[in-house]
Amino acid sequence: MIKRIMIPLYKDEVAPRFDLATEVMIAIISTGNTIEEQKIIVLPRSSPEDLCHQMLSQNISTLICGAIEDEYYQFLKLFLMLLLFLLKQHHLHHVRKCR
């Protein structure tokens, strides 16, 4: 299974807090745990909203950071739960349709 990992950075290190990041590293990890692709995205300013947008638009499955404010954690958690629910509903609809 391929994983898309996002690491918010602050001064070339893992950001101590999600909302302090001025850059993000995005890595795509293959099934054999090999880094297939890695890129750095420079943000115009530190912005938790921009980071959330990057996570959603880049289809990130794993976030690594020092800490995250509960507001953004809850938003991302709710979004992922909704996405998983929709995928499950789509799968069930497809299975019923194939019968």
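That block above? That's the structure.
These numbers were taken from a predicted model, which means no experiment stands behind them.

Novice: Would you mind showing me how to read the pairing of strand 1 (residues 3-10) here?
Specialist: Each regular strand shows side chains that alternate between the opposite faces of the sheet. Across seven bridges, the pairing between strand 1 and strand 3 (residues 23-29) is antiparallel. Counterpart to Lys3 in the pairing with strand 3 is Ile29. As paired elements, strand 1 and strand 5 (residues 62-63) share two bridges and run parallel to each other. Bridge pairing in strand 5 places Ile5 opposite Thr62. In the sheet, strand 1 pairs with strand 2 (residues 13-14) via two bridges, with the strands oriented antiparallel. In the sheet register, Leu9 faces strand 2, and the bridge partner there is Val14. The antiparallel pairing of strand 1 with strand 2 creates a hairpin that spans two residues between the two strands, and Lys11 there sits at a positive phi of about 55°.

Novice: I tried to follow a negative patch on the surface on my own but got confused; where do I start?
Specialist: A surface patch of negative charge is lined by Glu49, Glu69, Asp70 and Glu71. Of note, Asp70 is situated in helix 2 (residues 70-98).

Reading the values: rules and limits
Residues numbered from 1 in each chain as written. Predicted model: local features only at pLDDT ≥ 70, side-chain atom pairs only at ≥ 80, totals over all residues. Heavy atoms only, no water. Pairing = 2+ DSSP bridges. Helix = DSSP H or I, 4+ residues; strand = E, 2+ residues; numbered from the N terminus. Patch = residues over 30% accessible without salt bridge, like charges linked within 9 Å, V, L, I, M, F, W, Y side chains within 5 Å. Areas by Shrake-Rupley, 256 points an atom, 1.4 Å probe, with all protein chains shown as cover. Salt bridge = Lys/Arg side-chain N within 4 Å of Asp/Glu carboxyl O. Lys, Arg positive; Asp, Glu negative; His and termini not counted. Charge placed at Lys NZ, Arg CZ, Asp CG, Glu CD.

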